[in-house]
Amino acid sequence: MSIELKLEHPADNTVTVSIQGDIDMSSSTKVRDTLTPLFQDNNKAIIVDLSGVSYIDSSGIATLVEGLQWSHSNQSKFRLASMTPGVKDVFEIARLLTVFEVFDTKEEALAP
Amino acid sequence: MSQPIKLSIPSHPKYLGLIRKVLQELLDTHEVPEETARRLILCVDEACSNVIKHSYEGPCEEPIEATFFFDGEDFKVQIRDYGKQCDSSEIKPRCLDTIKPGGLGTHFINEIMDEVSYCTERAKGTLLTMVKKLKCELTSGQEKDKE
């Protein structure tokens, strides 16, 4: 199953990453390869739009935890938006739902 | 017990989507509620990913055999591989207090399934058996349907 990632820059030093497809062991490398360069740029906020993701496994969660760690060490924002019920459930079982900044919509996640 | 459903995939991550789809169809056929089905699919996916990573130590073309059984109110899954064996007592979920990437697959399996056992008493590989008691899930799903 293929996965598509779309980057947008709605404001200075802010990037949104919209993901479409399942994030599993076969696709999480592509997600990581897209996110990692963003950690090295001068970004102050990365918003990951998960509205197109109906399935995520532990390798996908691990990739997003790397984003969380980047945000903590750089005083930046790494926010997740528009989780589908399936994805939200996996975060809940991992006890990470309250650890990430999670927003119902991408627009809300873009607010300062 | 109804006839088991058997599926064998090569140990490459590109086939994980296939096993998820087949299992989704099977669980739909047995009217397993959506949330329970999602969680069972996650466990099977994580188990197969662990086989690829730890038993076969990377993507390859070795077999992963999945067998699904509906036995009364129990759903049982067996995942068989022929790769490297490890001490099953060492397969434990990690502590979740530390936020770090990785190591969640075993936590998902242990959290969601009611019984989990690893058998390495064979010449090669491991047989993982996972059981989920569906009675509560099926009842709550049927009640939701009535509403």
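Values in this document were obtained by computation on a predicted structure and should not be read as measured data.

The rules behind these values
Residues numbered from 1 in each chain as written. Chains lettered and ligands numbered in written order. Predicted model: local features only at pLDDT ≥ 70, side-chain atom pairs only at ≥ 80, totals over all residues. Pairing = 2+ DSSP bridges. Helix = DSSP H or I, 4+ residues; strand = E, 2+ residues; numbered from the N terminus. Axes fitted to C-alpha atoms, helices over the stretch in contact; angles between N-to-C directions. Contact = placed C-beta atoms within 7 Å. Parallel < 35°, antiparallel > 145°, perpendicular 65-115°, else oblique. Left-handed = near helix turned anticlockwise from the far one by under 90°. Nonpolar A, V, L, I, M, F, W, Y, C, P; charged D, E, K, R; others polar.

Caption draft 1: Examining the sheet that holds strand 4 (residues 115-119) of chain B more closely. Residues and elements named next belong to chain B. Taking strand neighbours across the sheet as the criterion, the 5 strands line up as 1-2-3-5-4 in an open arrangement whose pairing is antiparallel. With one partner strand each, in any of the chains shown, strand 1 (5-10) and strand 4 form the two edges of the open sheet. Between one strand axis and the next, the sheet turns by 15° as a mean value, whatever way the strands run. As defined by bridge partners, strand 1 adjoins strand 2 (residues 63-71) across 6 bridges and the pair is classed as antiparallel. In the strand pairing of strand 2, K6 is matched with T67. Across the sheet, helix 2 (residues 34-55) is in contact with strand 2, strand 3 (74-81) and strand 5 (126-133); its angle to strand 3 comes to roughly 15°.

Caption draft 2: Summary view of the packing of helix 1 (residues 16-29) of chain B against helix 2 of chain B. Residues and elements named next belong to chain B. One can describe the packing of helix 1 onto helix 2 by two numbers: an axis separation of 10 Å at closest approach and a directional angle of 150°. Considered as vectors, helix 1 and helix 2 are oriented roughly antiparallel to each other. By crossing handedness, the relation of helix 1 to helix 2 is classed as right-handed. Here L16, I19, R20, L23, Q24 and L27 of helix 1 lie close against helix 2, whose contacting residues are A37, L40, I41, V44, D45, C48 and S49. Considered class by class, the residues forming the contact of helix 1 with helix 2 number 9 nonpolar, 2 polar and 2 charged.

Caption draft 3: Focus on the interface of chain A and chain B. Each partner contributes residues to the interface: chain A has 20 residues there, and chain B has 21 residues. At the level of secondary structure, the elements contributing two or more residues to the side of chain A that touches chain B comprise helix 2 (58-74) and helix 3 (85-93) of chain A. The dominant element in the side of chain A that touches chain B, judged by the number of residues it contributes, is helix 2 of chain A, at 7 residues.

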